[in-house]
Amino acid sequence: MFEVRIHSRGGQGGVTAARLLALAAVRDGKYATAFPFYGAERRGAPVVSFVRIDGSPIRISSQIRKPDLVIVLDPSVMDVVDVLQGIKPGGRVLVNAREPRDMGGHPACSVDLTGIALREKLEVAGSPILNTAVLGALAKMGIISMESAKSAIREMFSDPRNVSAAEAAYRELAA
Amino acid sequence: MLTVATGNKAVAAAVKEAAPAVVAAYPITPQTEIVEQIAEYVSSGELRSQYIPVESEHSAMAACIGASVTGARTFTATSSQGLQYMHEMVNWAAGARLPIVMANVNRALGPGWNIWAEHTDAIQERDSGWLQVYVGSVQEAFDAVLMAFAIAEDERVLLPVMVNLDGFLLSHTMQPFEVARAGDFIPPLHLPHAIDPAAPGGYGTLTGPEDYFKLRWDIERSMRDSSGVIRETQERFARTFGRKYGMAEEYRCEDAEVIVVAMGTLGREAEVAVDLLRGEGIRAGSMRVRWFRPFPRLDLSGRDVVVIDRDYSFGFGGVLAGSLAAAGGARPFSVIAGLGGQEVTYEDIAGFVRERRPGEEFWFGVNGDV
């Protein structure tokens, strides 16, 4: 079982990122579930979403406490949330940032998802859309195949710039 | 092809396949996505139903009753407070022998105001004459809605069916599922006591003491017959679509010394606890109760039983535990857990089994004064 926790802010598309990741994993022939933690969220508040990926049907509904991978779509949440809480020893981190960040000694990758989204003009109501670009980064990290990433994006979004954003993140991911 | 969607979307997709003539509904969290999606299907022409956006849940069920009594296939969805507001009409639907199908997204009752999963909302309707099924996955939600129409409309049943799915844990959780094409799986509805709107007439429904009990017995007779219809329908479903369901889902029970009984997502999570316990040398099994009405016969003889109730009847106890004790004479270790969405993990469930005390009741997370 591979468990992922996604940190973002309400309205940034963290829930959709979770769904896209689950869909891509299913297109890879695996089982997956995706679910947000529903509290009293509002736009801009720190939120978390979860994804489980496994070779067998997933029977667990409870929240993920020991993630194998933490994705930080908005680094500013790190000022208020301990994004590394419960992360497994050796667990990996993916941060939306231009420069590599020290993530408590955990193997960390960074990619400028915001810059990519702005370049591709992927914006909704003035906010850059990060959830399709992040799939390219996850493919580069070997979590999903790039083919399934693109297929999942195409199933959910008709605008080809979403696939271009994922391809850019795949190229630009720095380990 | 497999898609990935929430339990709510799966319910709506199944309703589209069943193509009810009338859908009447009022939105309520966490159910709203079901009726929103159905409204979209109707608006885009993918579903040719009459969609009636009513002003309350009481009216939603009343509209379903009015449509159903003409022999039309009907659907609605609700949750929690909405189901409570509908209560009078819920009883009427069963008493009038109308095969209405309703999805209820299980949510705790206020106050305190809470939108998260609990089964007490549906359990409070257990004596209404509705059949009740509780599902454990998104696929199962889809499949149960499809089967619910076939079961409700069977002439040996003609009772409404409530399909229950856990709020957020299923309603808003995305899982892969396959949209089965209903084809002719649900035969056309023939309601023997349908009224004809083209031939209006007056019907007096006052039923005196010399007859009323006969109508009640007739509901119970159909409820008893429904077990066979459920079995037949589930077998036909397995032959048609390849997925098998029982009254309850047994997991590693053959040689089990202790069995965990639960409903909904907790029943699925319990299977993971069983695997964990087996690894420790504890011969555990689980039975996930799907059909709560009619209540199934579970073979629990000679084993310890740990029942997890995501519900409570004040002054009595966990309703599932009480039902099992009444039906089979079991002295379960009764665990009250998951109320109002309280987080319960498979590790917690394994703990309930390790520290079981048959005959006692245990409130998870409560130590003396809260």
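About the cut-offs
Residues numbered from 1 in each chain as written. Chains lettered and ligands numbered in written order. Predicted model: local features only at pLDDT ≥ 70, side-chain atom pairs only at ≥ 80, totals over all residues. Helix = DSSP H or I, 4+ residues; strand = E, 2+ residues; numbered from the N terminus. Rg over C-alpha atoms; globule rule 2.2 N^0.38 Å. Buried ≥ 20, exposed ≤ 12 C-beta atoms within 10 Å, placed from the backbone. Contact = placed C-beta atoms within 7 Å. Domains from an automatic or database assignment. Core = buried A, V, L, I, M, F, W, Y, C linked by C-beta atoms within 7 Å. Pairing = 2+ DSSP bridges. Axes fitted to C-alpha atoms, helices over the stretch in contact; angles between N-to-C directions.

Time to look at the overall build of chain B. Of regular secondary structure, chain B possesses 11 helices and 15 strands. Computed over its C-alpha atoms, the radius of gyration of chain B comes to 20 Å, within 12% of the 21 Å expected for a compact globule of 370 residues. Summarising its shape, the C-alpha atoms of chain B cover approximately 70 × 55 × 45 Å along the three principal directions. Expressed as a percentage of the 370 residues in chain B, the buried residues total 53%. The contacts in chain B between residues at least 6 apart in sequence include a share of 80% that link residues at least 24 apart.

This brings us to the domain arrangement of chain B. All names here are of chain B. When the domains of chain B are assigned, the result is domain 1 (2–182 + 218–241) and domain 2 (248–363). Across the boundary between the two partners, domain 1 contributes 26 residues, which contact 20 residues of domain 2. Secondary structure elements with two or more residues in the side of domain 1 that touches domain 2: α6 (120–123), β6 (131–134) and α8 (212–241). Residue contributions to the side of domain 1 that touches domain 2 peak at 5 residues, all from α8.

In this section: the nonpolar core. If you look at the biggest cluster of nonpolar residues, it comprises 180 residues, and the most contacted ones within it are L21 of chain A together with V145, V163 and V260 of chain B. Per-element tally for this core: the top contributor is helix α7 (residues 138–153) of chain B, with 12 residues. Each of domain 1 (2–182 + 218–241) and domain 2 (248–363) of chain B gives at least three residues to this core. Excluding residues within four positions of it along the chain, V260 of chain B makes contact with A270, A273, V274, A284, S286, V306, I308, I349 and V353 of chain B.

All names here are of chain B. A sheet is described by the order of its strands in space; here 7 strands give the open sequence β3-β2-β4-β5-β7-β6-β12, paired in mixed fashion. Of all strands in the sheet, those bounded by a partner on one side alone are β3 (50–53) and β12 (291–293). Each strand axis lies, on average, 20 degrees off the axis of its neighbour in the sheet, ignoring direction. In terms of strand pairing, β6 meets strand β7 (residues 161–166) through 4 bridges, oriented parallel. Paired with Y134 across the strands is N164, a residue of β7. Lying on the sheet, helix α2 (residues 32–44) is in contact with β2 (22–25), β3, β4 (74–78) and β5 (101–106); it crosses β3 at an angle near 135 degrees.

What follows concerns the sheet that holds strand β10 (residues 258–262) of chain B. Think of a sheet as strands paired side by side through backbone hydrogen bonds, with each pair either parallel or antiparallel. Residues and elements named next belong to chain B. In space, the 6 strands of this open sheet follow the order β9-β11-β10-β13-β14-β15, with mixed pairing throughout. Of all strands in the sheet, those with a lone pairing partner are β9 (248–251) and β15 (361–363), marking the two edges. Pairwise comparison of adjacent strand axes, ignoring direction, gives a mean angle of 20 degrees for this sheet. Both strand β14 (residues 333–336) and β15 contribute to a ladder of 3 bridges, which runs parallel. Along β15, the bridge assignment pairs S334 with E361. Against the sheet, helix α9 (residues 265–279) touches β9, β10, β11 (284–289) and β13 (304–309), its axis set at about 175 degrees to β11. Packing of helix α10 (residues 319–328) onto the sheet brings it into contact with β10, β11, β13 and β14, and relative to β13 it is tilted by some 145 degrees.

Time to look at the pairing of β4 of chain B. Residue and element names in this part refer to chain B. With 5 of 5 residues buried, β4 is to be regarded as a mostly interior element. Across 2 bridges, β2 lies against β4 in parallel orientation. Pairing of V22 across the sheet is with T74, part of β4. Across 4 bridges, the pairing between β4 and β5 is parallel. Paired with T78 across the strands is N104, a residue of β5.

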